[in-house]
Each structure stands twice: as structure tokens, then as C-alpha cells.
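Topology and contacts: notes
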Amino acid sequence: MANILVVDDDHGLRSSLCCALQELGHSPVQAGDGREGLAQTAPADLVITDLSMPRLGGLELIRRLKDFRPELPIIAISGDSSCTAGLETARRLGAFTTLRKPFGLPDLVKEVERALDQS
């Protein structure tokens, strides 16, 4: 179905998301931070990124991705104490949608399907 890049420094969450996406028939690829994510975006049909990560955070990742692939749908996720402001900034930078952690798998599936339908 779709090549989906999952960028999050929480290995457990990242792995869980990838397993769920794989069960849905997608081909997920993992990255532990924005720098790793930038190196793997060429074949991606969709990016799911956390906002708070070491080395290169999600907001900067979104900014850079939108510079060279403006059509790429991005789902921003965050659970930080200041995540409301960060998620709003992600939307302004071009994220297709945002999810606040913790979120349910049905919510993620719905947003993935919506993002892929619009691309």
C-alpha cells in the first residue's frame, strides 16, 4: 500500500506504530530522530513524526520536508507538556494533521487513511 516513515525517539512507540502499520498492509520505515528521518524520506508516501527529539526535532523536520517535498503529507505527534503550541506550529508549517499522545490506534489509522487519500 504505502511507504510510511515513522520518526520518533521512543523506540517502543516507534516499533509499535510500525507493527500496526505493517498489519494494515503498509511498508513502514523507522527513524530515531529528524536527521535519520531526512536520510530516508525519498520513497515515503507519508511521514509520522514526533515533535520532541534529540539532534533534529519534528518541527525542523517538517520545515525541511516541506521545502523539498511540499506535497508530502505529514502527521505530527506529541505528548510534551507544551505540545498544544507545538502541534499548532506543526499545522502552520504544513502538517496534514496532528495527534496528541497518548492516542488510540483507531485515531491513527483514520488519520493515516485521510492523509493518504488526499495525496
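In the block above lies the structure referred to throughout.
A few points on the structure. Predicted, not measured: the structure shown is a model, and the values here were computed from it. (Residues numbered from 1 in each chain as written. Predicted model: local features only at pLDDT ≥ 70, side-chain atom pairs only at ≥ 80, totals over all residues. Heavy atoms only, no water.)

Okay, helix α4 (residues 83-93) next. The complete set of buried residues in α4 reads C83, G86, L87 and A90. With its buried residues spanning 100° around the axis, α4 presents them on a single face. Seen from the open side of α4, the exposed residues pointing more than 90 degrees away from its buried face are T84, A85 and R92. The inward-facing, buried residues of α4 abut α3 (58-68), β4 (74-78) and β5 (97-100). Positioned one or two residues after α4, G94 has a phi angle of 120°, which is positive. (Buried < 20%, exposed > 50% of the residue type's maximum accessible area, 1.4 Å probe, protein only. Helix = DSSP H or I, 4+ residues; strand = E, 2+ residues; numbered from the N terminus. Arc of directions from axis to C-beta. Contact = heavy atoms within 4.5 Å.)

Below, the discussion takes up the nonpolar core. Ranked by internal contacts, the top residues of the largest apolar core, which has 17 residues, are V7, V47, I62 and A76. Looking at this core, the elements that each hand over two or more residues are β1 (3-7), α3, β4 and α4. Those residues in contact with V47 that lie beyond four places of it in its chain are L5, V7, L65, L72, P73, I74 and I75. Of all hydrophobic cores here, the second largest spans 15 residues; its members include V6, L21, V112 and A115. (Core = buried A, V, L, I, M, F, W, Y, C linked by side-chain atoms within 4.5 Å.)

So, on to the sheet that holds strand β2 (residues 27-31). Here we have 5 strands laid out as an open sheet, ordered β2-β1-β3-β4-β5, and parallel in their pairing. Lying at the two open borders of the sheet, with one neighbouring strand each, are β2 and β5. For this sheet the average axis-to-axis angle between neighbouring strands, irrespective of direction, equals 20°. α4 contacts β4 and β5 of the sheet and is inclined by roughly 165° relative to β5. (Pairing = 2+ DSSP bridges. Axes fitted to C-alpha atoms, helices over the stretch in contact; angles between N-to-C directions.)

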